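# Structure at a glance
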Amino acid sequence: MAQERGHWSSRFGFILAAAGSAVGLGNIWKFPYITGENGGGWFVLIYLGCIAIVGLPIMMAEVLIGRSSQLSPVGAFRKFSHGGSPWMGIGWLGVLAAFVILSYYSIVAGWAMHYTWLSVSSGFAEMETDAIGALFGSVYENPWINIGWHAAFMAITIAIVAKGVHGGIELASRVLMPVLFIILLVLLIYAATSDGFAQAFKFIFMPDTSKLTGASVLEALGHSFFTLSLGMGAMITYGSYLHKKDDLVSTSITIAILDTGVALVACLVLFPIIFSVGMDPAAGPGLVFVSIPIAFSQMAGGAILAPLFFLLLTFAALTSAISLLEVAVAYFVDEIKIPRVIATVMTGVVIFIFGIPSALSGGTALFGSGFSDMTQSIFGEGDGKNWFDLFDYLASNWMLPLGGLGIAVFVAWRMGDKAREEGFKTSNHLGKMYWGWVFLLRYIVPIGVLAVFLHAIGII
Ligand code: PHE
């Protein structure tokens, strides 16, 4: 049974694949713009704290559940809670989250592919600043561009996942992750020599309270789930392909450090570029698709750096998308016993269809008065969320924290000694950390997640 499911070829293979899952649009697209919006400094510090005291313990809990059960989430919860039980709901929630997240994630990944192609084919150098700014709006509104790239991105993701754990996911990670690190390094060297570097460094690392609010703290906490791929079983699923002897603690720490490192380097690449051409770091979601192409169009070497940057974004998105699809596929393979290739194609196609409303969220072309108006009126006019925003909001603010809470409570309160036996026996030198870890999972994680929820419903 365990043989049929597949295994990573080594712990290193797992680290690359799991880091591939963690490092994604969350690091290169989202983290820089929320850092910009929250004024840098303090926000970054709080984010680092959230990763260390909430993210890392949950990451260890997920890898532990996967590694010791050698099963994907639903089966793992069944095994450790002795038969059918409400705990299995955490597994199902994860499968649902995979559909929800990948359906809109693929749209943003499609923009990254489109911009890679644009920067290679025509380049931004010839374009006026205003035209580059307007370009993103026209891409966002164009249903065919969005659907076309969404289809292409899903097709590539499906092709990789269909090839299995070893020959598909691990192989892709072994090729894409080193390329990603090299591109990032090239961009960092370039940014470090630009005029804006000192200013950017200060912005990122010098605490400045002026823009910090309670909401910033909760945003940092929520983002720590998303960026480490936690709360929906991705790390349980990847952990289930680990050999039981592979170490849990040092592996999880390595993944968290790689993920955090990439997020910080992404800021160190983007902000100097933004500052040296005098643009605003708080430009929001358009930071990467508007400010960056404008900045590159004005800089020496921009014609080479722009394609590299968007390729980086595409690769980062791809290795994360693979893990999202794998969560759903592993469920159908393990639980429903559908052959992997069929399960992958079927799930991928359903997610593609699920993503179409998101692809149309920015546009008005297909539905006259605008599909976004329609979804807005269905899902509440008040906060004006279109389908795309709604999915992002549901997943990041509700599904992942809820799943993370369930996983923390399950491991710390329900598994008890079993968790200690499974998790810490191979890492005796780290054995003393056990009680600290359990303490965080038992008390700190639930309090933090509760705060996120109370904030989301407007109580704090
Ligand atoms: N961690 C990924 C990112 O930062 C997103 C992701 C979330 C992937 C949940 C898998 C599971 O972009």
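First things first, this report covers the structure right here in the doc. (Residues numbered from 1 in each chain as written. Predicted model: local features only at pLDDT ≥ 70, side-chain atom pairs only at ≥ 80, totals over all residues. Heavy atoms only, no water.)

### Structural notes on the overall build of the protein
Check the secondary structure of the protein and you find 20 helices and 0 strands. Since a compact globule built from 460 residues should have a radius of gyration of about 23 Å, the 21 Å found for the protein is in line with a globular shape. Projecting the C-alpha coordinates of the protein onto the three principal axes gives extents of approximately 65 × 45 × 45 Å. Taking all 460 residues of the protein together, 60% fall into the buried category. Across the protein, the fraction of contacts at a sequence separation of at least 24, relative to all contacts at a separation of at least 6, is 82%. Roughly 17,000 Å² of accessible area belongs to the protein as shown, and the carbon and sulfur atoms make up 69% of that amount. In the protein, 21 positive and 26 negative side-chain charges are present, and the distance between their average locations comes to 17 Å. (Helix = DSSP H or I, 4+ residues; strand = E, 2+ residues; numbered from the N terminus. Rg over C-alpha atoms; globule rule 2.2 N^0.38 Å. Buried < 20%, exposed > 50% of the residue type's maximum accessible area, 1.4 Å probe, protein only. Contact = heavy atoms within 4.5 Å. Areas by Shrake-Rupley, 256 points an atom, 1.4 Å probe, with all protein chains shown as cover. Lys, Arg positive; Asp, Glu negative; His and termini not counted. Charge placed at Lys NZ, Arg CZ, Asp CG, Glu CD.)

### Quick notes on the packing of aromatic side chains
For the structure on display, the rule yields 37 aromatic pairs. When the ring of Tyr105 is compared with that of Phe226, the centres are 6.3 Å apart and the planes differ by 50°; the resulting orientation is tilted. Placement of the pair is Tyr105 in helix α6 (residues 88-121) and Phe226 in helix α11 (residues 214-227), with a sequence separation of 121 residues. Accessibility expressed as a relative area gives 4% for Tyr105, which makes it buried. Assessed through its relative accessible area of 12%, Phe226 is described here as buried. Residues Tyr434 and Trp435 carry aromatic rings whose centres are separated by 4.9 Å and whose planes lie at 75° to one another, so their mutual orientation is edge-to-face. Its relative accessible area of 5% is what places Tyr434 among the buried residues. Among the aromatic side chains, those forming a connected cluster through ring pairs are Tyr104, Trp111, Tyr115, Phe124, Phe136, Tyr140, Phe289, Phe296, Phe309, Phe310 and Phe388. Positioned above the aromatic ring of Phe226 is the side chain of Lys30, whose terminal nitrogen or guanidinium carbon lies 5.4 Å from the ring centre. The cationic tip of Arg442 hangs over the ring face of Trp413; the distance from NZ or CZ to the ring centre is 4.5 Å. (Phe/Tyr/Trp six-rings, centres within 6.5 Å; stacked < 30°, edge-to-face > 60°. Lys NZ or Arg CZ within 6 Å of the ring centre and 35° of its normal.)

### Some remarks on unusual backbone geometry
Trans peptide bonds make up most of the peptide bonds, and negative phi angles are found at most residues other than glycine. Within the chain, Gln70 stands out as a residue other than glycine whose phi angle is a positive 55°. The phi dihedral of Lys337 falls on the positive side, at around 60°, and the residue is not glycine. Along the polypeptide, Lys337 turns up in the loop between α15 (302-334) and α16 (340-359).

### Comments concerning a nonpolar patch on the surface
Together, Leu450, Leu454, Ile457, Ile459 and Ile460 give the surface a local cluster of nonpolar side chains, amounting to about 480 Å² of exposed area. Relative to the elements of secondary structure, Leu454 occurs in helix α20 (residues 433-456). Look at Leu454 and you get partly exposed, because its relative accessible area is 30%. (Patch = residues over 30% accessible without salt bridge, like charges linked within 9 Å, V, L, I, M, F, W, Y side chains within 5 Å. Salt bridge = Lys/Arg side-chain N within 4 Å of Asp/Glu carboxyl O.)

### Brief notes about the site of the ligand
Near the ligand, the surroundings consist of 14 residues, among which Ala22, Gly26, Tyr105, Phe226 and Ser229 are the closest. Here Ala22 contributes a backbone N or O atom positioned 3.0 Å from an oxygen atom of the ligand. Between the ligand and Ser229, the relevant distance is 3.0 Å, taken from a nitrogen atom to a side-chain nitrogen or oxygen of the residue. Relative to its free-state accessible area of 320 Å², the ligand is covered by the protein chains to the extent of 100%. Counting only elements with at least two residues in the shell around the ligand, the list comes to α2 (11-22), α3 (25-37), α11 and α15. Considered class by class, the residues forming the shell around the ligand number 6 nonpolar, 8 polar and no charged. (Near = heavy atom within 4 Å. Polar contact = N/O pair within 3.5 Å; in protein donor to acceptor, adjacent residues only side chain to side chain. Nonpolar A, V, L, I, M, F, W, Y, C, P; charged D, E, K, R; others polar.)

### Describing α11
With 14 residues, α11 should cover 20 Å at 1.5 Å per step; its first-to-last C-alpha distance of 20 Å lies within 8% of that length. Counting buried positions over the 14 residues of α11 gives 10, a clear majority of the element. Buried within α11 we find Ser216, Leu218, Ala220, Leu221, Gly222, His223, Ser224, Phe225, Phe226 and Thr227. Just beyond α11, the residue with positive phi is Ser229, at close to 60°. (Expected span 1.5 Å × (residues − 1).)

### Focus on the environment of Tyr104
As for its position among the elements, Tyr104 is in helix α6. The spacing of Tyr104 and Phe453 is 349 residues in sequence and 22 Å in space, taken between C-alpha atoms. Excluding residues within four positions of it along the chain, Tyr104 makes contact with Phe226, Ser358, Phe388, Phe391, Asp392, Ala395 and Ser396.

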